[in-house]
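Single-letter residue listing:
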Amino acid sequence: MALPCALFGYFVPFVHLVQFAKNIPLDSDDSQNGQKAAFLMACIGITSGLGRLFFGRVSDLPAFRRNGNRIILQQAAFFAMGVCTMLMTVAQFCEGFEYQTLLTICCVMGLFDGCFVTLLGPIAFDLCGPAGAGQAIGSLLALFSVPMTVGPPIAGIIYDKVGDYTPAFLAAGVPPIVGSLLMFAIRRFPPKEDVDDNVEDNREITIDKAEAEKIQRNESQAALEKERHDDQYDHTQSMGTSGTVLA
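Residues numbered from 1 in each chain as written. Predicted model: local features only at pLDDT ≥ 70, side-chain atom pairs only at ≥ 80, totals over all residues. Heavy atoms only, no water.

### Description of helix H2 (residues 12–23)
Step number 1: Across its twelve residues, H2 extends 16 Å between first and last C-alpha, which sits within 8% of the 16 Å expected from 1.5 Å per residue.
Step number 2: Within H2 the residues assigned to the buried category are Val12, Pro13, His16, Leu17, Phe20 and Ala21. End-on view of H2: buried residues confined to an arc of 145°, all on one side of the axis.
Step number 3: Its buried side turned inward, H2 meets helix H3 (30–59), helix H5 (70–87), helix H6 (98–162) and helix H7 (166–182). (Helix = DSSP H or I, 4+ residues; strand = E, 2+ residues; numbered from the N terminus. Expected span 1.5 Å × (residues − 1). Buried < 20%, exposed > 50% of the residue type's maximum accessible area, 1.4 Å probe, protein only. Arc of directions from axis to C-beta. Contact = heavy atoms within 4.5 Å.)

Written out as C-alpha cells, the structure reads:
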C-alpha cells in the first residue's frame, strides 16, 4: 500500500506544471513563455529515459541485488520526487532565474521518475519471486489507477479555490515522501515465505555443519585406527627381526 499512497501526488506536476510555469511567468513574451513552460515537460521526459538506463544498471549491482536492497533506491526515488514537487514552488521567488531553477528541478525529478518506473518489475521479482511477480505487478497497476486519477483533479480544485498552484504543489509533494517512509515496513516485516526460506536455509546450514563434524570424526577415528595398525605391524616386524638375530 506504500506505492499507491505515494502516487496521490505523482501526476500533479505532469498535468499542471506547464500552467504553473506560465503563471510565474518565465518570460515577458507570451510565445517564449509558453515554449519554455512546455520544454519543462520535455526535460522531465528526456531525463526520465536517462534515469531508467542509469538506475537499471545501478540496481543490477551486487550491493543492491541482495537482501531486497533495491527497495532503498525506490524509497530514494519517491522521497526525491516529493521534495522536487514541493521545491517547484520556490522558483517563483528566484527573480531572474525562475526558468533555470525549474529546469534544474525538472531534471532531477525526471531522473528519479525513471528510477521509480524501471524498478517496479525487479522489486516485484525480489519480493514475490518469478511465480508471483506477474500477479504482483498487475495488482500494483490496478491500485495505481485510483491515486493517479484522483490527484490532478484535486490539485485543480485547490487552484480554483485559492487561485494559486503553491498549496496544490506543496500538498502533492507530501504523499511521495510519506510513501517512501512507509516502505520501511517492507524490510521490517518481510513476506512469510522469506522468513520460512531463511529458517529452512538456517536448518540446512545446521545439518551441513553436523554432517561435516560427523565426517571429520569418522576421518579422525580412521586415522587413529590406521596409526594403531601401523604401530602393531611395526612391533610385529621388530619382534620377528629380534627372533631371527637370536637364532
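### A look at the pattern of salt bridges
Step number 1: One pass over the structure, following the stated rule, counts three salt bridges.
Step number 2: Here aspartate 27 makes a salt bridge to lysine 36, at a shortest N to O gap of 3.2 Å.
Step number 3: Lysine 36 sits in the partly exposed class, given a relative accessible area of 21%.
Step number 4: A salt bridge links aspartate 60 to arginine 70; its shortest N-O distance comes to 3.3 Å. Remark: arginine 70 occurs in helix H5 and aspartate 60 occurs in the loop between H3 and helix H4 (62–65); sequence separation between them is ten residues.
Step number 5: A relative accessible area of 43% means that aspartate 60 is categorised as partly exposed.
Step number 6: When its relative accessible area of 9% is taken as the criterion, arginine 70 is described as buried.
Step number 7: Through salt bridges with shared partners, a single ionic network connects Asp60, Arg70 and Asp126. (Salt bridge = Lys/Arg side-chain N within 4 Å of Asp/Glu carboxyl O.)

### As for the packing of aromatic side chains
In this description, a pair of aromatic rings is defined by centroid distance and the angle of the planes.
Step number 1: For the structure shown, the criterion picks out twelve aromatic pairs.
Step number 2: Centroid distance phenylalanine 11 to phenylalanine 14: 5.9 Å. Interplanar angle 90°. Geometry classified as edge-to-face.
Step number 3: Residue class for phenylalanine 11 comes out partly exposed when judged on its relative accessible area of 31%.
Step number 4: Judged by centre distance (5.9 Å) and plane angle (85°), the rings of tyrosine 165 and phenylalanine 169 are edge-to-face.
Step number 5: Taken together, Tyr10, Phe11, Phe14, Phe78, Phe116 and Phe144 form an aromatic cluster joined through their ring pairs.
Step number 6: The positively charged end of lysine 36 is found above the aromatic ring belonging to tyrosine 99, 5.2 Å away from the centroid. (Phe/Tyr/Trp six-rings, centres within 6.5 Å; stacked < 30°, edge-to-face > 60°. Lys NZ or Arg CZ within 6 Å of the ring centre and 35° of its normal.)

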